[in-house]
Amino acid sequence: QVQLVESGGGLVEAGGSLRLSCAASGLTFSTYAMGWFRQAPGKEREFVAAISWSGGNTYYADSVKGRFTIARDNAKNTVYLQMNSLKPEDTAVYYCAATLTGLARLADDYDYWGQGTQVTVSS
């Protein structure tokens, strides 16, 4: 059974930082590209960042480029999202997801999803 478990969310002031983690089990982690998505209340789920199976390639949404960094540790079956210079508009539930498709930005291309972790940025 595949499980993706996010952690690291919380409440932070604007300009602050958070580091999200997503621990994977039940799949051959090193063969999957991983992505982070987010969903704010009343809005559709949107792509944030993706990383290739090796970690050698990354892809970011324009809204987070230069502020967020995605990374992975295949020895620990974990993917990370370092979020700096946070803004109130970054407030959302953040989800990690796994795909065999590659550096995908469409949610439909992802095979497995975590339950999400709440990130709230106060102004």
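Remember, it's a predicted structure, so these values are computed and weren't measured experimentally. (Residues numbered from 1 in each chain as written. Predicted model: local features only at pLDDT ≥ 70, side-chain atom pairs only at ≥ 80, totals over all residues. Heavy atoms only, no water.)

Asks: Looking at this structure, I do not really get the nonpolar core. What am I missing?
Replies: The tendency in soluble globular proteins is for nonpolar side chains to be buried as a group. Counting residues in each nonpolar core, the largest one holds 36 residues, and the members touching the most others are Met 34, Trp 36, Val 79, Leu 81, Met 83 and Tyr 94. When contributions to this core are tallied by element, the ones reaching two or more residues are β3 (18-25), β4 (33-39), β5 (46-51), β7 (68-73), β8 (78-83), β9 (92-99) and β11 (117-122). (Core = buried A, V, L, I, M, F, W, Y, C linked by side-chain atoms within 4.5 Å. Buried < 20%, exposed > 50% of the residue type's maximum accessible area, 1.4 Å probe, protein only. Helix = DSSP H or I, 4+ residues; strand = E, 2+ residues; numbered from the N terminus.)

Asks: Please explain the packing of aromatic side chains as it appears in this structure.
Replies: Think of a pair of aromatic rings as described by two things: how far the centres are apart, and how the planes are tilted against each other in angle. The full count for this structure, using the stated rule, is six aromatic pairs. Between Phe 37 and Phe 47, the aromatic rings sit 5.7 Å apart at their centres with planes inclined by 75°, giving edge-to-face as the arrangement. Taken as a pair, Phe 37 in strand β4 and Phe 47 in strand β5 lie far apart in primary sequence, ten residues in all. The exposure classification of Phe 37 matches that of Phe 47, with both residues buried. Through a chain of ring-to-ring contacts, three or more aromatic side chains come together here, namely Phe 37, Phe 47, Tyr 59, Tyr 110 and Trp 113. A cation over an aromatic ring shows up here: Arg 72 above the ring of Phe 29, its NZ or CZ 4.3 Å from the ring centre. (Phe/Tyr/Trp six-rings, centres within 6.5 Å; stacked < 30°, edge-to-face > 60°. Lys NZ or Arg CZ within 6 Å of the ring centre and 35° of its normal.)

Asks: What is the right way to read the pairing of strand β1 (residues 3-7) from this model?
Replies: Along a regular strand, successive side chains alternate from one face of the sheet to the other. Taking every second residue as pointing to the same face, the buried face of β1 carries Leu 4 and Glu 6, while none of Gln 3, Val 5 and Ser 7 on the other face is buried. In terms of strand pairing, β1 meets β3 through five bridges, oriented antiparallel. The residue bridging Ser 7 from the neighbouring strand is Ser 21, located in β3. (Pairing = 2+ DSSP bridges.)

Asks: Is there a simple way to think about the state of the cysteines in this case?
Replies: In a disulfide, the sulfur atoms of two cysteines are covalently bonded to one another. Taken as a whole, this structure holds one disulfide when the rule is applied. In this model Cys 22 forms its disulfide with Cys 96; the gap between the sulfur atoms is 1.9 Å. Measuring the twist about the S-S bond at about 45°, one finds the Cys 22-Cys 96 disulfide to be right-handed. Here the residue Cys 22 occupies a position in strand β3, and Cys 96 occupies one in strand β9, the gap between them amounting to 74 residues. Here Cys 96 falls in the buried class, since its relative accessible area comes to 0%. (Disulfide = S-S within 2.5 Å.)

Asks: Can you walk me through the pairing of β9 in this structure?
Replies: β9 sits mainly inside the fold: eight of its eight residues count as buried. Summarising the sheet, β4 and β9 pair through seven bridges and their orientation is antiparallel. Considered in β9, the bridge of Ala 33 is made with Thr 99. Relative to β11, β9 runs antiparallel, the two sharing three bridges.

Asks: What am I meant to see in the pattern of salt bridges here?
Replies: Working definition: two side chains of opposite charge can pair if their charged atoms are close together. Within the structure shown, the criterion is met by four salt bridges. A salt bridge links Glu 46 to Arg 38, with the nearest nitrogen and oxygen atoms 2.6 Å apart. In this structure, the salt-bridge partner of Asp 62 is Lys 65, at a minimum N-O distance of 3.1 Å. The two residues Asp 62 and Lys 65 agree in class, both being exposed. (Salt bridge = Lys/Arg side-chain N within 4 Å of Asp/Glu carboxyl O.)

Asks: Whenever I open this one, the side chain of Thr 117 confuses me. Can you help?
Replies: Among the secondary structure elements, Thr 117 is positioned in strand β11. Separated by 3.3 Å, the side chain of Thr 117 and the backbone nitrogen of Gly 9 make a polar contact. Not counting the four nearest positions on each side in its chain, Thr 117 is found in contact with Glu 6, Ser 7, Gly 8, Gly 9, Leu 20, Ala 92, Val 93 and Tyr 94. (Polar contact = N/O pair within 3.5 Å; in protein donor to acceptor, adjacent residues only side chain to side chain. Contact = heavy atoms within 4.5 Å.)

In short, shape yes, function no, at least from these values alone.
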